[in-house]
Amino acid sequence: MKNYALAVLFVFISCLPAQAGLPKVLILATGGTIAGTGTTATQTAGYKAAVLPVESLLAAVPQIKELALVAGEQLAQVDSKNMTPAIWLKLAARINKAFSSGEADGVVVTHGTDTMEETAYFLNLTVKSSNTVVLTGAMRPSTALSADGAMNLYNAVAVAAERASENRGVLVCLNDQINGAREVTKTNTSTPDTFRSGDTGLLGYVQGGKPVYYKATVRVHTAQTAFDVLAATTLPRVEILYGYAGVSPAAAESLVAAKADGIIYAGVGNGSIYEEVLPVLKKASAAGTAVVRASRAGNGLITRNGEEADDLNGFITADNLTPQKARVLLMLALTKTRNPAEIQEIFLSY
Ligand code: ASP
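Quantities reported herein were computed from a predicted structural model and do not represent experimental measurements. All residue numbers refer to positions counted from 1 along the written sequence of the respective chain. In view of the model being predicted, local features appear only for residues whose pLDDT reaches at least 70, and side-chain atom pairs are presented and counted only at 80 or more, with totals across whole chains, interfaces and linings using the full set of residues. With hydrogens and water excluded, all non-hydrogen atoms of the structure serve as input to the side-chain values.

**Section: the sheet that holds strand β13 (residues 290-295)**
Item 1. Strand order in the open sheet formed by 4 strands is β11-β12-β13-β14, and the pairing between neighbours is parallel. One side of each edge strand has no neighbouring strand; the edge strands of this open sheet are β11 (238-242) and β14 (316-317).
Item 2. We call two residues in contact whenever any of their non-hydrogen atoms come within 4.5 Å of each other. The axes used here are C-alpha line fits, helices contributing only the stretch in contact, and every angle between their N-to-C directions lies in the interval 0 to 180 degrees. Helix and strand definitions follow DSSP, with helices as H or I runs of at least four residues and strands as E runs of at least two, each counted in order from the N terminus. Here helix α9 (residues 323-333) sits on the sheet in contact with β11, β12 (262-267) and β13, set at roughly 160° to β12. The rule for pairing is simple: two strands pair if DSSP sees at least two bridges between them.

Rendered as structure tokens:
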């Protein structure tokens, strides 16, 4: 009798749809070239981004149903040059809800490539879960020869569906490569291999529907971060100033007049500040504006009290974050504290 019951159970389980054991992956679409269309198959520039709805993106890759139980949702529809902190907050809230309610095991965000790295780092600091979040997009519109969106979406779902991807921080997956949100940056205006992590390198590859990892994300991320934006409707205002030979202090002065909460100085070399801009930034810091020294060089550490007197001036150094990533972190740091020493600790941890 016992054997009979076991046999019935076995037959029942084998008759369940193959999908039953698959992880649940929620796809949140925000626009970008992956949802873009051109007028001809050879048009790879000057096309219109953020046109196709999420249903069309999913319909173009029916194979993702073999990887996961997939649901799609249109969260925004923008060219990512128009991405805003308001959309970041909406995304973070939606993802946190999807994970805390058990609605999703993993999330894929489709996004324009221009500001993907900023959204990825924001989510890396505000998603309170070790479940996987992957951002993907495309460098060629859906109508182009060799459009890369469909394969990128397939790969992103494969990464999001895989347990080995968990607790690695938010990931960016395009061109078969998996990069970490903190380090990745767009390096080429038009080629599909645009995303790179500079000196620190990529985390892994995805091939044949499986990710392969070589590295972990070491800095504090996702479930371990101190930032909680659940109740936030706005974020502190942080602007970026660019350094170059002979830069006029006019831009720095106008940011001080506009009462920015924080200023990232994308300095030359080791975050060095032009002599005519320095007094403006010292004054801003003394008046309570958070001033962070970063570099326009793209790689390398900013040395505290190296080329500038940071302790004396109350400046903060950006570690190896690019100016645009330093801005994201400062916006969140300022939700916690305005004390430069505490903000410096945050920059050394995240
Ligand atoms: N301008 C587009 C965007 O960022 C570029 C892209 O998606 O590749 O939305």
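Past the structure itself, the notes keep going.
**A word on the site of the ligand**
Item 1. For each residue, the test is whether any non-hydrogen atom lies within 4 Å of the molecule or strand; if one does, the residue is near. Surveying the vicinity of the ligand reveals the residues Gly-32, Thr-33, Asp-79, Ser-80, Gly-112, Thr-113, Asp-114 and Ala-138.
Item 2. Taking Thr-113, its side chain carries an N or O atom lying 2.5 Å from an oxygen atom of the ligand.
Item 3. Asp-114 is positioned such that a nitrogen or oxygen atom in its side chain is 2.9 Å from a nitrogen atom of the ligand.
Item 4. Only the protein chains shown count as cover for residues, and all accessible areas are computed by the Shrake-Rupley method using a 1.4 Å probe. Contact with the protein chains removes 92% of the 270 Å² of surface that the ligand exposes when unbound.
Item 5. Throughout this entry, Asp, Glu, Lys and Arg are counted as charged residues, while Ala, Val, Leu, Ile, Met, Phe, Trp, Tyr, Cys and Pro are counted as nonpolar. The remaining residues, Gly among them, count as polar. Class assignment of the residues belonging to the shell around the ligand gives a composition of 1 nonpolar, 5 polar and 2 charged. Each polar contact in these results corresponds to two N or O atoms within 3.5 Å; when the atoms are within protein, one needs to be able to donate a hydrogen and the other to accept it, and residues that are neighboring in sequence are counted only if both atoms are side-chain atoms.

**Overview of the nonpolar core**
In summary, soluble globular proteins display a tendency toward joint burial of nonpolar side chains.
Item 1. To qualify as a nonpolar core, a set must consist of buried Ala, Val, Leu, Ile, Met, Phe, Trp, Tyr and Cys residues joined through side-chain atoms within 4.5 Å. Exposure is judged per residue with a 1.4 Å probe applied to protein chains only, and the accessible area is read against the type maximum: over 50% gives exposed, under 20% gives buried, and values in between give partly exposed. Formed by 55 residues in total, the largest nonpolar core has its most connected members in Ile-95, Phe-122, Leu-123 and Phe-347.
Item 2. Broken down by element, the residue count for this core peaks at 8 residues, all from helix α3 (residues 85-100).
Item 3. Once residues within four sequence positions are removed from consideration, Phe-122 is found in contact with Trp-88, Leu-89, Ala-92, Val-229, Leu-235, Val-328 and Leu-332.
Item 4. Formed by 29 residues, the second largest nonpolar core is a distinct cluster that contains Ile-34, Val-61, Val-134 and Leu-171.

**Observations concerning helix α5 (residues 149-161)**
Item 1. By this rule the span expected of a helix is its residue count minus one, scaled by 1.5 Å. Over its 13 residues, α5 extends 18 Å from the first C-alpha to the last, a length consistent with the 18 Å expected when each residue adds 1.5 Å.
Item 2. The buried count for α5 comes to 11 of 13 residues, which makes it a mostly enclosed element.
Item 3. What α5 keeps buried is the set Gly-149, Asn-152, Leu-153, Tyr-154, Asn-155, Ala-156, Val-157, Ala-158, Val-159, Ala-160 and Ala-161.

**Let's talk about the confidence of the model for the chain**
Item 1. As a per-residue quantity, pLDDT reports the predictor's confidence and falls between 0 and 100. Averaged over all residues, the pLDDT of the chain is 95; the fraction at 70 or higher stands at 94%.
Item 2. This model gives residues 4-18 a pLDDT under 50, and the stretch forms 0 contacts once residues within four places in sequence are excluded.

**A closer look at the sheet that holds strand β5 (residues 171-174)**
Item 1. Strands sit in the order β2-β1-β3-β4-β5-β6-β9-β10 across an open sheet of 8 strands; the sheet is mixed. Looking along the sheet, the strands with just one partner apiece sit at the ends: β2 (69-78) and β10 (210-213). The mean angle between the axes of side-by-side strands here comes to 25°, regardless of whether they run parallel or antiparallel.
Item 2. Packed onto the sheet, α3 meets β1 (24-31), β2, β3 (106-110) and β4 (132-136) and runs at close to 165° relative to β2.
Item 3. Each of β1, β2, β3, β4, β5, β6 (177-180), β9 (204-207) and β10 touches α5; the most contacted strand, β4, lies at about 170° to it.

**Quick look at a nonpolar patch on the surface**
Item 1. Here the term patch refers to residues with relative accessible area over 30% and no salt bridge, with like charges joined within 9 Å and nonpolar side chains (Val, Leu, Ile, Met, Phe, Trp, Tyr) within 5 Å. In what follows, salt bridge is the name for a side-chain nitrogen of Lys or Arg lying within 4 Å of a carboxyl oxygen of Asp or Glu. Together, Tyr-205, Val-212 and Tyr-214 make up an exposed nonpolar region whose accessible area comes to about 310 Å².
Item 2. Mapped onto the fold, Tyr-214 is located in the loop between β10 and β11.

**Examining the packing of aromatic side chains**
Item 1. Centres within 6.5 Å make a pair out of two Phe, Tyr or Trp rings, where for Trp the six-membered ring is used; the pair is then stacked when the planes are under 30 degrees apart, edge-to-face when over 60, and tilted otherwise. Per the stated rule, a full pass over the model turns up 3 aromatic pairs.
Item 2. Between Trp-88 and Phe-122, the ring centres sit 5.1 Å apart and the planes meet at 25°, which makes this aromatic pair stacked. Within this pair, whereas Trp-88 is found in helix α3, its partner Phe-122 is found in helix α4 (residues 116-126), the two being separated by 34 residues in sequence. Of the two residues examined, Trp-88 and Phe-122, each falls in the buried class.
Item 3. Pairing Tyr-205 with Tyr-214 gives two aromatic rings, centres 5.9 Å apart and planes at 80°, and the pair type is edge-to-face.
Item 4. Judged by relative accessible area, Tyr-205 falls into the partly exposed class, the value being 39%.
Item 5. When its relative accessible area of 55% is taken as the criterion, Tyr-214 is described as exposed.
Item 6. Its end group placed over the ring of Tyr-213, Arg-168 keeps NZ or CZ at 3.8 Å from the ring centre.
Item 7. In this structure, Lys-325 packs its charged tip against the face of Tyr-121, placed 5.9 Å from the ring centre. A positively charged side chain is recorded as over a ring if its NZ (Lys) or CZ (Arg) lies within 6 Å of the ring centre. The angle to the ring normal must also be within 35 degrees.

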